[in-house]
Amino acid sequence: MAQEQSHSEGAGVLTFVERFAAELVEAGMPRMPGRVFAALIASEQGALTSAELSERLQVSPAAVSGAVRYLAQVGMIGRERDPGSRRERYRLHNDQWYETFTRRDAIIGRWEHTLRAGVEALGPGTQAGSRIEETAEFFAFLQKELHSMMDRWRDHKEQLREDKEQLRDEKDQLHEHQP
């Protein structure tokens, strides 16, 4: 455990955490949730307690509390109890990005529906109605492409897993035949 901690708290890892957090902030995520998410994704188990997050990020427990509340509300992390403890551990979801984009699919569908209602309210022949209709069409296109892309991702992920297994098997066979 100490080796994992020292590795996951090394200077290179901390630099990565801050850099990835800055990228998340640039994309619109609040700063502290971005830092907490980056720390979780860089942790060996993909899960840390509030105290561990506070220590790694050198921030107050209150800052961590607000960040994990935000991340849980937007569905990016889950909470679990350490067995036999009252401490909560915050964990990334399996297939984190897949889940995040899948949830966005529902939002995009609602936006498209609302925009189509806006076209009717403004009139399809008006400039505003045409502008809104094009936006609705964009979201319909995005939703269709997102479904197709997620299907391709599942296939690609399975192929990656199979390739890793094959490579591991080949390495094992090499080691068996060496004197």
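Note on numbering: residues in each chain are counted from 1, in written sequence order. The predicted origin of the model limits local features to residues at a pLDDT of at least 70 and limits the giving and counting of side-chain atom pairs to 80 or more, whereas totals for whole chains, interfaces and linings rest on all residues. For the side-chain quantities, the full set of heavy atoms in the structure was used; hydrogens and water were omitted.

*Asks:* I keep staring at the sheet that holds strand E1 (residues 47-49) and nothing clicks. Help me out?
*Replies:* Taken in spatial order, the three strands make up an open sheet running E1-E3-E2, and their pairing is antiparallel. The open sheet has two free edges, formed respectively by E1 and strand E2 (77-81), since each of these has just one partner strand. On average, each strand axis in the sheet is tilted by 30 degrees relative to the strand beside it, whichever way the strands run. Strand pairing is assigned whenever DSSP detects at least two bridges linking the two strands. Helix and strand definitions follow DSSP, with helices as H or I runs of at least four residues and strands as E runs of at least two, each counted in order from the N terminus. One ladder, built from three bridges, connects E1 with strand E3 (residues 88-92); its direction is antiparallel. Residue pairing in the sheet places Leu-48 in a bridge with Tyr-90 of E3. Seen against the sheet, helix H3 (residues 31-42) touches E1, E2 and E3 and runs at an angle of roughly 80 degrees to E3. Every axis corresponds to a line fitted to the C-alpha atoms, with the helix fit spanning only the stretch in contact, and the corresponding angles, defined between N-to-C directions, vary from 0 to 180 degrees. A contact between two residues is defined here by any heavy atoms of the two lying within 4.5 Å.

*Asks:* Where do I start with the side chain of Ser-43 in this structure?
*Replies:* Assignment of secondary structure puts Ser-43 in the loop between H3 and E1. Here a polar contact is taken to be a pair of N or O atoms separated by no more than 3.5 Å, where protein atoms must pair a possible hydrogen donor with a possible acceptor and residues adjacent in sequence count only if both atoms sit in side chains. A distance of 2.7 Å separates a polar side-chain atom of Ser-43 from the backbone oxygen of Leu-40. There is a polar contact of 3.1 Å between the side chain of Ser-43 and the backbone nitrogen of Gly-46. With near-sequence residues (within four places) excluded, Ser-43 lies in contact with Leu-48 and Arg-56.

*Asks:* Just checking my understanding: could you explain H3 for this structure?
*Replies:* Three or four residues apart is the spacing at which side chains of an α-helix point the same way, because the helix has 3.6 residues per turn. Over its 12 residues, H3 runs 17 Å from end to end, which matches the ideal 16 Å to within 8%, given 1.5 Å per residue. The buried label applies to any residue whose accessible area, calculated with a 1.4 Å probe on protein chains only, is under 20% of its type's maximum; exposed applies above 50%, and partly exposed to all values in between. The complete set of buried residues in H3 reads Met-32, Pro-33, Gly-34, Arg-35, Val-36, Phe-37, Ala-38, Ala-39 and Leu-40. What a helix should span is 1.5 Å times the count of its residues minus one.

*Asks:* Where do I start with the pairing of E2 in this structure?
*Replies:* Sheet topology note: the E2/E3 ladder contains five bridges and is antiparallel. Its bridge partner being in E3, Ile-77 is matched across the sheet by Leu-92.

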